[in-house]
Amino acid sequence: MPLYAAMTYTADVDWTRPEYAAEMAEYNEFGQAAQAVLRGGKALYPTATATTVRVNGGKGGDVVVSDGPYAETKEALTGFYLMECADLDEAVQLAARIPAAWAGAVEVRPVIDFGN
Amino acid sequence: MVRDERARVLATMVRVTGDVDLAEDAVQDAVVRALERWPVDGVPASPRGWLVVTAKRRAVDLIRREARRSGKEAAAMMLADPGGEPPEVVRDDLLRLIFTCCHPALSEPAQVALALRTLGGFSTAEVGRALLVPEATMAKRLTRAKQKIAQARIPYRVPAAEQLPGRLRAVAATIYLIFNEGYAAGSGADVLRTGLTAEAIRLARLLVALMPDEATAGGLLALLLLHDARRPARVDAVGLPVLLADQDRSRWDAGTIREGVELVGTALRRTADRPDPYVVQAAIAACHDLAPSYRATPWDAVVSWYDVLLSISDQPVARLNRAAAVAERDGPAAGLALVDAIDGLAGYPWWHASRAELLHRLDRGAEAATAHQRAVACGLPAPQAERLRQRLAGA
């Protein structure tokens, strides 16, 4: 069955702060409900911790490191799940149960299977 | 005959291969072979069966060629036995293809384009022309949509009963948009545009045949038929649109109207407690189609139906249409007050055009001329702009 990445975009969240405990509980609730299809996933530190790396002039060129996320948007990438689903409909159904879907948005994308 | 079978054969091939692109290539090849062989060998007893078998062989060839590069021999094996298909499977294939093309995970323009391409059998160039998009843009849009179906695994199936109403709406909206593309053009000479309305009606008929109990399907078909019935009278000899009030009603297609009205009746009985927007709009169209003259239109009924429509979905354009009906029933001043009270249509040419018309009727000529200018500036189509200009000039 194909794997889908469900990337959560919401207002920047610092999951390590105690006031987010309630929100975290909702995510845990989702995690338990979707246990059967979840193959991985992590929460990310807020975008203030992001470092964006580029290499100018192609492979082996100058490494340019900048402070902040790759794309500065109102909604930040706050975490992701890996889900194994039969098809996009099932993935969308599950994504709709991730709290980020009502606080922001969840982008669902199939993961490439390079199959050996 | 080949064209009639094309959509059905393609639908079956999409089910078998799970890949719209591959299925199209295989069906295209089978169609070319049919055009070569049938005139020589005679038309086979089962043209569709012949096409499916030939397309499957071609698909196996294509997959094998691909397999040599990526080692997916198993995919070719799956197709190796081209057996006969029971008719109900084929029927469901078409329904599945409609729902796949109109999947909500695809953008609306992609849904319409894909439906025209696969279900209508239009070429990419024709789809581009029909939707007023450059061919290269359309080719990219179609490629993206087909890749998304294959890679993101948009399922090829009729959704479960509880999802059906939501999905049926996307399907109906797509067919309605295809119809509108052909209907709103308003120019009688453009053959392809008439092709669009005919294609939309064919798809709506298919939907009704496949889901005879769904009021949305019946309402949609009724709506399209009741609009299409007026087509012969909508354009005058020099290609200018004729307003509903001025149309020669003897040129309306009585047979089509009868069919549409019957469908509305059936659909209304089914949805007495839960009005469906297509059925309600079809009921409004039926009021117009059945009126012996514009003056004899039952405006009370039309306004009431708009009230029902607004209770289901309160859209500014529906309010505008209701205001036009109120103007006919209660006079232009009452209509204008309602038109002026609608928010959010300042960029909509028909809002300005309606104001121009009502101001003209109230003998407020200067304001009418200003409203007409705004309508033109917002993109009122040239023939309609000219027709309205003539009216305001008292021609």
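Residues numbered from 1 in each chain as written. Chains lettered and ligands numbered in written order. Predicted model: local features only at pLDDT ≥ 70, side-chain atom pairs only at ≥ 80, totals over all residues. Heavy atoms only, no water.

## Section: the overall build of chain A
Assigned secondary structure in chain A consists of three helices and six strands. Of the regular secondary structure in chain A, the N- to C-terminal order runs β-α-β-β-β-β-α-α-β. Projecting the C-alpha coordinates of chain A onto the three principal axes gives extents of approximately 45 × 45 × 20 Å. When burial is assessed residue by residue, chain A has 31% of its 116 residues classed as buried. In chain A, the share of contacts with a sequence separation of at least 24, taken over all contacts with a separation of at least 6, comes to 71%. Accessible surface for chain A amounts to roughly 7400 Å². Of this, 55% is attributable to carbon and sulfur atoms. Put simply, chain A has 8 plus and 16 minus side-chain charges, and the middle of one group is 5 Å from the middle of the other. (Helix = DSSP H or I, 4+ residues; strand = E, 2+ residues; numbered from the N terminus. Buried < 20%, exposed > 50% of the residue type's maximum accessible area, 1.4 Å probe, protein only. Contact = heavy atoms within 4.5 Å. Areas by Shrake-Rupley, 256 points an atom, 1.4 Å probe, with all protein chains shown as cover. Lys, Arg positive; Asp, Glu negative; His and termini not counted. Charge placed at Lys NZ, Arg CZ, Asp CG, Glu CD.)

## Comments concerning the environment of A:Pro18
Residue placement: A:Pro18 occurs in the loop between strand E1 (3–10) and helix H1 (21–33). Given a relative accessible area of 67%, A:Pro18 falls into the exposed group.

## Describing the UniProt feature "domain: YCII-related" (unreviewed entry) in chain A
Mapped onto this numbering, the UniProt entry annotates "domain: YCII-related" (unreviewed entry) at residues 8–114 of chain A. End C-alpha atoms of residues 8–114 of chain A are separated by 25 Å, and the span's content is 23% helix alongside 34% strand. (UniProt positions renumbered as here; feature names shortened; annotations may be inferred.)

## Comments concerning the side chain of B:Asp289
Along the polypeptide, B:Asp289 turns up in helix H13 (residues 277–290). When residues no more than four places from it in sequence are discounted, the contact partners of B:Asp289 are B:Leu226, B:Ala229, B:Arg230, B:Trp252 and B:Ile257.

## A short note on the pattern of salt bridges
Applying the stated criterion across every chain, the model contains 31 salt bridges over all chains. A salt bridge links A:Asp87 to B:Arg157; its shortest N-O distance comes to 2.9 Å. Here the residue A:Asp87 occupies a position in the loop between strand E5 (76–84) and helix H2 (88–95), and B:Arg157 occupies one in the loop between helix H8 (135–151) and helix H9 (164–183), the pair thus bridging two chains. The shortest N-O distance in the salt bridge between B:Asp93 and B:Arg15 comes to 2.6 Å. With B:Asp93 in helix H5 (residues 87–101) and B:Arg15 in helix H1 (residues 2–17), this residue pair connects regions lying 78 residues apart in the sequence. Here the salt bridges do not stand alone but share partners, grouping A:Asp87, A:Asp89, B:Arg157 and B:Arg167 into one network. (Salt bridge = Lys/Arg side-chain N within 4 Å of Asp/Glu carboxyl O.)

## Some thoughts on the interface of chain A and chain B
Interface size, as often reported, equals the accessible area lost upon joining of the parts. In this complex, chain A contributes eight residues to the contact, which on the side of chain B involves ten residues. With both sides pooled, the region where chain A packs onto chain B buries about 710 Å², and carbon together with sulfur makes up 50% of that total. Contact with chain B buries surface across chain A, with A:Asp87, A:Leu88 and A:Asp89 losing the most and accounting together for 63% of the total. For the interface between chain A and chain B, the tally reads three salt bridges. Summed over the shared surface of chain A and chain B, the result is five residue pairs in polar contact (both at pLDDT 80 or more). Of the residues forming the side of chain A that touches chain B, the biggest block, three residues, is contributed by H2(A). (Buried area = accessible area lost by both parts, 1.4 Å probe. Polar contact = N/O pair within 3.5 Å; in protein donor to acceptor, adjacent residues only side chain to side chain.)

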